[in-house]
Amino acid sequence: MENKQQTRKKLRISKNKKKGWKKTDITEVEEFLEDQRLQERTGGLVAEKKDEQLFIVDKAPEEEPQIQRKRKKKDITNLKCHSHLQFDPRIKPARIAHNLRKPGVERRHERVVEKIKSGKKTATEIQAQKQSRADRKLKRETRRKEHRLFKKSYDLWGTENTEEDLPVKKQKFNPPKHHREKPTLVSNVEIPHPGASYNPAFDDYQALIEKAHNVELDKAELEKTWLTEMSAGLADDDTVEENDIGDLDLDKISVNPPVQREKKKTKIQRNKEKKLKQQEKLQKTDKAKNLGQTKYLD
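Residue positions are counted from 1 within each chain, in the order its sequence is given. Reporting in this predicted model follows two pLDDT cut-offs: at least 70 for local features of residues, and 80 or more for side-chain atom pairs to be given and counted; totals over whole chains, interfaces and linings ignore these cut-offs and use all residues. Note that water and hydrogens are dropped before the side-chain values are worked out from all heavy atoms of the structure.

Novice: Describe the overall build of the chain, with residues and values.
Specialist: Helix numbers and strand numbers start at the N terminus; a helix is a DSSP run of H or I with at least 4 residues, a strand a run of E with at least 2. Helix and strand content of the chain: ten helices and zero strands. Seen in sequence order, the chain has helices and strands lined up from the N terminus as α-α-α-α-α-α-α-α-α-α. In the chain, which comprises 298 residues, the proportion classed as buried is 2%. Taking as baseline every contact in the chain between residues at least 6 positions apart, the subset at least 24 positions apart corresponds to 2%. Relative accessibility decides the category of a residue: with a 1.4 Å probe and only protein chains considered, values under 20% of the type maximum give buried, values over 50% give exposed, and everything between is partly exposed. Any pair of residues with heavy atoms lying within 4.5 Å of one another is described as a contacting pair.

Novice: Give me the lowdown on a nonpolar patch on the surface, citing residues and values where you can.
Specialist: Patch membership requires more than 30% relative accessible area and the absence of a salt bridge. Residues of like charge join within 9 Å; the nonpolar side chains Val, Leu, Ile, Met, Phe, Trp and Tyr join within 5 Å. Accessible surface is estimated by sampling points in the Shrake-Rupley manner with a 1.4 Å probe; for residues, cover comes only from the protein chains shown. Here a salt bridge means any side-chain nitrogen of Lys or Arg lying within 4 Å of a carboxyl oxygen belonging to Asp or Glu. Together, Ile26, Val29, Phe32 and Leu33 line one region of the surface with nonpolar side chains, adding up to about 370 Å² of accessible area. With respect to the secondary-structure elements, valine 29 resides in helix α3 (residues 27-41). Judged by its relative accessible area of 46%, valine 29 falls in the partly exposed class.

Novice: An account of the environment of aspartate 35 is requested, with residue identities and associated values reported.
Specialist: Examined against the element boundaries, aspartate 35 turns out to sit in helix α3. Taking relative accessible area as the criterion, aspartate 35 reaches 42% and is therefore assigned partly exposed. A C-alpha to C-alpha distance of 9.6 Å links aspartate 35 and leucine 45, two positions ten residues apart in sequence.

Novice: Tell me about a positive patch on the surface, and name the residues and values.
Specialist: Note that His is not counted, nor are the chain ends; the positive residues are Lys and Arg, and the negative ones are Asp and Glu. Note on charges: their place is set at NZ of Lys, CZ of Arg, CG of Asp or CD of Glu. Positive charge collects at one region of the surface, where Lys121, Lys130, Arg133, Arg136, Lys137, Lys139, Arg140, Arg143 and Arg144 lie side by side. Take arginine 133: it is sitting in helix α7 (residues 123-146). Relative accessible area serves as the criterion here: at 51%, arginine 133 is assigned to the exposed category.

Novice: So what's going on with the pattern of salt bridges? Residues and values would help.
Specialist: Inspection of the entire model under this criterion finds four salt bridges. The partner of aspartate 88 in a salt bridge is arginine 90, with the nearest N and O atoms 3.4 Å apart. Note that glutamate 273 is salt-bridged to lysine 265, the shortest N-O span being 2.2 Å. Take glutamate 273: its relative accessible area is 31%, and that puts it in the partly exposed class.

None of the figures reported here should be taken as evidence of function without further support.
Have a look at this one:
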């Protein structure tokens, strides 16, 4: 701070107006006030404190005699790992239920207990045992009948055997609803005629030809019948009379000769002719222009 104060130059400014008040240096005043505030925050002003509060007399500590303590030996009987097995007084004991139910025999009446211990059975128990035995016998017999092997001897390939002799059981079968329905609407593959094979017999081949011939004859007959039906009520002669031609307008009839299909030009030939005609036209127009220019120059 002192170095700054020495280097700092004092400005000579007139302070009789407010303009000069802003240029005055107030840093020293602000530093003093800031230092004073800091002292008040940290225990009061230093100038107002006494010497006892400011200074402390250092005193050397008195050396206490060191007492050597003996190390205790480990108690093997009382290990920490066994602490969980010992009784903990902080844990409350479990609640003991006093109204426990006795087991089956002890819970019954004394007379009933005596009967059970004696081993005597009542009439109902004896009847139940007999009934259970009878049911077991019935079950055994039914199992034997169901799983009985067929022991009858018969000739498998003989003609004298009847259906009863054969060891086959007809089981009832409940087919589902879609059992008889066709999976697809497409018809089955038709078996071809034997005459259509690669190397057929003569008779089969002739039969196939005859079949095809009959089909063609049927078609021809159908065509004839169709023509007769369609031409019903029309004139029999297809030719037109000369008188009828005279009545027609000659202007409407085409004068050009008939064109044959062989002489008809293709599309490529027609395009070529068009291009040639266009080129001729262009040449004529160029010639006309050239002639006009020469006349103008003359």
